[in-house]
Structure formats: C-alpha cells, structure tokens
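If you want the building blocks of each chain, they are given just below.
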Amino acid sequence: MTSVLKRSAHAVSFAAGRLTTEARVLPSFLIAGAQRCGTTSLYRALSRHPLVMKPVLRKGVHYFDMAYDRGLPWYRAHFPLVTTARALGRRHGGRVQAFESTPYYLFHPLAGARIAADLPGVKLIVLVRDPVERACSAHAHELARGYETEPSFERAVELEPLRLAGEIERLRDVPGYVSAAHRHHAYLARGRYAEQLARLEPLLGRDRILVLDSGRMFDDPGSAYDRVLEFLDLPRLGGVEFARHNARPRTGVVPESVRRRLNEHFEPWDALLVRWLGADPSWRR
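Residues numbered from 1 in each chain as written. Predicted model: local features only at pLDDT ≥ 70, side-chain atom pairs only at ≥ 80, totals over all residues. Heavy atoms only, no water.

- As annotated in an unreviewed UniProt entry, the protein carries the name Deacetylase sulfotransferase and is attributed to Microbispora amethystogenes.

**As for the overall build of the protein**
Reasoning step 1: Regarding its fold elements, the protein presents 16 helices and five strands.
Reasoning step 2: At 19 Å, the protein has a C-alpha radius of gyration in line with the 19 Å of a compact globule built from 285 residues.
Reasoning step 3: Referenced to the eigenvectors of the C-alpha coordinate spread, the extents of the protein come out at roughly 60 × 40 × 40 Å.
Reasoning step 4: When burial is assessed residue by residue, the protein has 49% of its 285 residues classed as buried.
Reasoning step 5: A sequence separation of at least 24 residues applies to 77% of the contacts in the protein between residues at least 6 apart.
Reasoning step 6: Of the charged side chains in the protein, 43 are positive and 31 negative, and the gap between their average positions amounts to 8 Å. (Helix = DSSP H or I, 4+ residues; strand = E, 2+ residues; numbered from the N terminus. Rg over C-alpha atoms; globule rule 2.2 N^0.38 Å. Buried < 20%, exposed > 50% of the residue type's maximum accessible area, 1.4 Å probe, protein only. Contact = heavy atoms within 4.5 Å. Lys, Arg positive; Asp, Glu negative; His and termini not counted. Charge placed at Lys NZ, Arg CZ, Asp CG, Glu CD.)

**Observations concerning the sheet that holds strand β1 (residues 29–33)**
Reasoning step 1: Spatially, the five strands line up as an open sheet ordered β2-β3-β1-β4-β5, and their pairing is parallel. This sheet does not close on itself; its edge strands, each paired only once, are β2 (52–53) and β5 (209–213).
Reasoning step 2: Both strand β4 (residues 123–128) and β5 contribute to a ladder of five bridges, which runs parallel. In the sheet register, Leu127 faces β5, and the bridge partner there is Leu212.
Reasoning step 3: Strand contacts of helix α2 (residues 39–47): β1, β2, β3 (97–101), β4 and β5, with the helix running at about 165 degrees to β1, the strand carrying the most contacts. (Pairing = 2+ DSSP bridges. Axes fitted to C-alpha atoms, helices over the stretch in contact; angles between N-to-C directions.)

**Digging into unusual backbone geometry**
Reasoning step 1: A cis amide bond links Gly33 to the next residue, Ala34, at an omega of -5 degrees.
Reasoning step 2: Assignment of secondary structure puts Ala34 in the loop between β1 and α2.
Reasoning step 3: Here the phi dihedral of His62 falls at roughly 60 degrees; this positive angle occurs in a residue that is not glycine.
Reasoning step 4: Overall, His62 belongs to the buried group, its relative accessible area being 19%.
Reasoning step 5: One non-glycine residue, Asp233, adopts positive backbone phi at about 60 degrees.
Reasoning step 6: Turning to its location among the elements, Asp233 is positioned in the loop between α14 (221–232) and α15 (256–271).

Next comes the structure, spelled out in structure tokens:
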C-alpha cells in the first residue's frame with residue numbers, strides 16, 4: 001500500500017512539474033558515477049546543504065542515458081521551482097544549485113555529449129574505488145535486484161564480453177535503444193574509469209570534472225566534502241555526515257587467483273587515474 005501511495009504522489013508531483021516546466025531550474029552539477037562507488041552517500045550529504053536542491057522525485061533522473069527522447073521539458077520537470085531557489089538563496093545568502101545523481105551517465109557512450117549540449121557550464125563529480133571491489137559489489141547488487149541470474153561472480157565476468165558484444169554500437173546507432181546488458185552486466189568495463197573520463201574530458205573540459213577516491217572520502221569525509229564545496233563554489237554551512245548506503249552482502253568469496261588476475265587487468269587503467277586524483281589510487285598504495 002505504501003509503494004502504491006508513493007507512486008501516486010510521484011505521478012501527481014511530476015504532472016505538476018510538467019505544467020510548470022519553464023519555471024523550474026536545471027542542475028548546475030551532476031554526480032555522474034561510478035556505480036557502487038559511494039554516490040548515494042555523497043548525494044545524501046550534499047542534499048543537506050542549505051544552498052543545494054535535489055530532484056523533486058528521485059535521486060537519479062536517468063535522462064541523458066535512458067530517457068533522452070522525452071526532451072528537455074521532461075527533464076526540467078524533475079527539479080524545483082525557480083521561485084523556491086531564489087527564496088532559499090535570499091535566506092542563506094548565496095547562489096542555490098540544483099543537482100541529481102545518475103551513476104550510469106559516466107558509462108553510457110552518449111550521455112557525455114548530451115550533457116555538454118543541454119547543460120552548458122555544468123560540473124560533474126565522479127567517484128572511483130578499487131575496481132575489483134566495485135565489480136564484486138555490482139554483481140551482488142544486480143543479483144539481489146534480479147538483473148543478474150548467474151550466481152558465480154567469476155562466471156559472470158567470463159560472460160561479460162559476450163553479453164556486451166555490439167551493445168555500444170546499438171546504443172549509438174539505434175534511437176531510443178536501452179541495453180539491459182550494458183547497464184547491468186558491465187562488471188569490468190565500468191571499472192575502467194580512465195577510459196570513461198577520457199571520453200568526457202574533451203566534451204566538458206578538465207576543470208569541470210572532479211574525481212574523488214571514495215576510499216579516501218570515507219576515511220576523511222570532512223576533507224572530501226570541503227573539496228567538493230570548493231569545486232562547486234559553495235560555502236561551508238554546518239557540519240557533514242557521511243554514511244555508507246546501499247551495501248550488499250556478498251554471495252561468496254572471490255578466489256585469490258581471480259582477484260590477482262583482475263588486479264592485473266586494471267593496473268594500467270588505475271595508473272591513468274593519477275592525473276585525475278593527484279595521487280596514486282588508495283587501493284594501489
């Protein structure tokens with residue numbers, strides 16, 4: 001019953017948003033990924049900032065990846081009113097910024113160009129973690145949600161190339177195409193963070209992309225939060241609380257031989273992160 005009422009409330013709220021779309025703000029920054037790297041924790045921390053406004057309905061809108069054919073008015077309908085933003089700005093003495101968090105944006109081959117075209121000046125925040133741990137976490141996550149039917153992580157990794165074969169080309173060539181395999185079964189591909197950042201950099205510019213090591217973020221949340229605020233030109237107003245969200249129990253132990261092989265696979269990609277992080281990734285030290 002609660003879920004039905006929640007869906008009904010969302011439908012009413014979104015309908016009202018569509019009627020007032022021109023009077024609504026667009027986001028000035030996005031948490032764009034990576035999946036299973038602490039994006040929900042950062043989203044919740046930033047949502048508590050007095051000068052930050054989250055989407056009206058949900059954390060991630062999925063416009064630039066899976067709903068782009070619905071048009072910018074549809075996207076704008078998910079955000080608060082301009083009048084609300086102005087009132088908050090007057091109350092707290094600063095510029096209000098809206099945002100959303102959709103971790104698939106980083107990985108989707110078309111999302112970056114769409115973001116650059118529709119949100120000129122937007123800033124992106126990207127979180128990264130040990131890609132082997134990320135892959136294990138993603139497998140447990142997809143298994144629990146019913147998108148993965150292979151209980152063995154090792155076997156799921158072996159199946160990945162076959163599952164993803166041709167999917168990037170279809171996403172690029174077929175209007176409105178949505179790939180379940182690309183979204184839910186890219187355990188290794190999503191962990192090649194530098195590859196995805198290289199696609200975004202020429203579209204947005206290096207200065208509009210902030211990459212955070214989530215291991216360091218959870219070890220020292222205050223410093224990470226201050227770095228985010230500096231990047232967004234937001235003042236520090238109050239404290240910050242970081243908690244881990246969406247953790248999933250693992251279905252089994254990954255054999256050490258598999259872990260070593262995957263560490264070797266990711267080593268050259270992790271090395272390319274140094275220029276983004278300003279240091280070696282925490283999991284390589």
